[in-house]
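Residue-level listing of the chains:
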Amino acid sequence: MAGFVARRILAAVPTLLAVLTLVFVIVRIVPGDPALVILGDQATPEAAAALRGRLGLDRPLWEQYVSFIGSALVGDFGNSLVTSRPILAEVAAVLPHTIDLTLAAMVFGIVVGVPVGIWAALHRNGVIDVAARILSLIGLSFPVFVSGIFLLLAFALHWRVFPVIGSANLDDYGDRLHKLILPAITLGLVMAAYITRVTRSAMLQSLGEDYIRTARAKGVPWRRVVWVHGLRNASIPIVTVVGLYVGILIGNSVLTEIVFNRPGLGKIIVGALNQRDYTMLQGLMVIYCFLIVVVNIVTDLLYGVIDPRVKAE
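Below or above, wherever it landed, is the structure these notes cover. Predicted, not measured: the structure shown is a model, and the values here were computed from it.

With that out of the way, let us pick up the overall build of the protein. Scanning the protein from N- to C-terminus turns up 13 helices and 0 strands. Order of helices (α) and strands (β) in the protein, N terminus to C terminus: α-α-α-α-α-α-α-α-α-α-α-α-α. Looking at the protein as a whole, 40% of its 313 residues qualify as buried. The long-range fraction of contacts in the protein, counting pairs at least 24 apart against all pairs at least 6 apart in sequence, stands at 73%. With 25 positive and 19 negative side-chain charges, the protein shows a separation of 13 Å between the mean positions of the two kinds.

Dropping the structure here:
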């Protein structure tokens, strides 16, 4: 197992380096002078030149690249142009809120999507199956900001069960959970729809295999056949879609945090865009990419836990 983990981590190093290189290239091929974008068209040549020197844009491109890679690898993304605080400190202050939201949405998607998908597969082409497919299609059709507004209108304004907006106190777990429920459901609805469809397809394939018929012939209880033999062998595609969709969740959390006025990486991104905080945006891109790489590593490791044959590859 240790060798399998080491191989997966080593395989992620070139990916992370490629991501950092891509961020560096994208930021520098965008049309326009970053100094003029930050300062505005009315900036004097002297002010623009001073800002270029501050950002290191007056150095040779290869030197900028080496400096960028070296700083990113040690977690130094520079300081915000607006607040002058280290970018990592700015992110660390709000990252727990985004992690809470992403994890809660993921749990909601799994808890709802997997049982519904299994239930639909067990009643193939029946009323339950048709209803599950229709509901999953509806869930896929609604953007996050639309479903979020509907949930706010229903549960915050009409029934007044949850607060409309507000940031949670991280030290108060009750308040933290209360203000997390609506945003997590909003973000998790689309994931639940995806998982429902994938689970249904995977279970239909798994339940049609010979080992399932053999287990039934030996008198293994149907519940055990479904939840142990069937689900375990259908878990690889489910874990795959969960791992892929976590990256989408992190991205969609931006819209969810805006709709519910929650602190998080989303609000920092919007603020950096509005204030033309060039260094903050560059640092956030790297952090987002790093989180997605970490999620992919965890997904690969889960493959080895679910199917021991993967470890030998």
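In this section: the environment of Arg 28. Along the chain, Arg 28 falls in helix 1 (residues 2–29). Sequence separation of Arg 28 and Leu 57 is 29 residues, and the distance between their C-alpha atoms is 9.4 Å. Each residue touching Arg 28, except ones within four places of it in the same chain, is listed here: Leu 57, Leu 61, Gln 64, Tyr 278 and Gln 282.

Positive phi values are uncommon outside glycine, yet Asn 125 reaches one of about 65°. Relative to the helices and strands, Asn 125 resides in the loop between helix 5 (87–122) and helix 6 (127–141). Assessed through its relative accessible area of 57%, Asn 125 is described here as exposed. Even without being glycine, Asn 261 reaches a positive phi, approximately 55°.

In this section: the side chain of Arg 176. With respect to the secondary-structure elements, Arg 176 resides in helix 8 (residues 173–178). Of note is the side chain of Arg 176, whose polar atom sits 2.5 Å from the side chain of Asp 100.

Summed over all chains, the structure comprises 5 salt bridges. We note a salt bridge from Asp 129 to Arg 133, for which the minimum N-O separation is 3.5 Å. Highlighted residues: Asp 129 and Arg 133, both in helix 6, separated by 4 residues, approximately one helical turn. By sharing partners, the salt bridges in this structure join Asp 129, Arg 133 and Arg 200 into a single network.

We now examine the packing of helix 5 against helix 13 (residues 278–306). It is the contact of helix 5 with helix 13, at a shortest axis distance of 10 Å, that shows an interaxial angle of 60°. Between helix 5 and helix 13, the angle falls in the class oblique. Both helix 5 and helix 13 take part in a crossing whose hand is right-handed. Facing helix 5, whose interface residues are Ile 87, Leu 88, Glu 90 and Val 91, helix 13 presents Thr 279, Met 280, Leu 284 and Ile 287. Here the residues of the contact of helix 5 with helix 13 are counted per class, giving 6 nonpolar, 1 polar and 1 charged.

Taken as a class, soluble globular proteins show a tendency for nonpolar side chains to be buried jointly. Judged by nonpolar contacts, the single largest core of 60 residues is most densely connected at Met 203 and Val 242. With near-sequence residues (within four places) excluded, Met 203 lies in contact with Ile 118, Ala 121, Val 226, Gly 230, Leu 231 and Ala 234. If you look at the next biggest cluster of nonpolar residues, it comprises 7 residues, including Leu 152, Ala 156, Phe 162 and Val 259.

What counts and what doesn't
- Residues numbered from 1 in each chain as written.
- Predicted model: local features only at pLDDT ≥ 70, side-chain atom pairs only at ≥ 80, totals over all residues.
- Heavy atoms only, no water.
- Helix = DSSP H or I, 4+ residues; strand = E, 2+ residues; numbered from the N terminus.
- Buried < 20%, exposed > 50% of the residue type's maximum accessible area, 1.4 Å probe, protein only.
- Contact = heavy atoms within 4.5 Å.
- Lys, Arg positive; Asp, Glu negative; His and termini not counted.
- Charge placed at Lys NZ, Arg CZ, Asp CG, Glu CD.
- Polar contact = N/O pair within 3.5 Å; in protein donor to acceptor, adjacent residues only side chain to side chain.
- Salt bridge = Lys/Arg side-chain N within 4 Å of Asp/Glu carboxyl O.
- Axes fitted to C-alpha atoms, helices over the stretch in contact; angles between N-to-C directions.
- Parallel < 35°, antiparallel > 145°, perpendicular 65-115°, else oblique.
- Left-handed = near helix turned anticlockwise from the far one by under 90°.
- Nonpolar A, V, L, I, M, F, W, Y, C, P; charged D, E, K, R; others polar.
- Core = buried A, V, L, I, M, F, W, Y, C linked by side-chain atoms within 4.5 Å.

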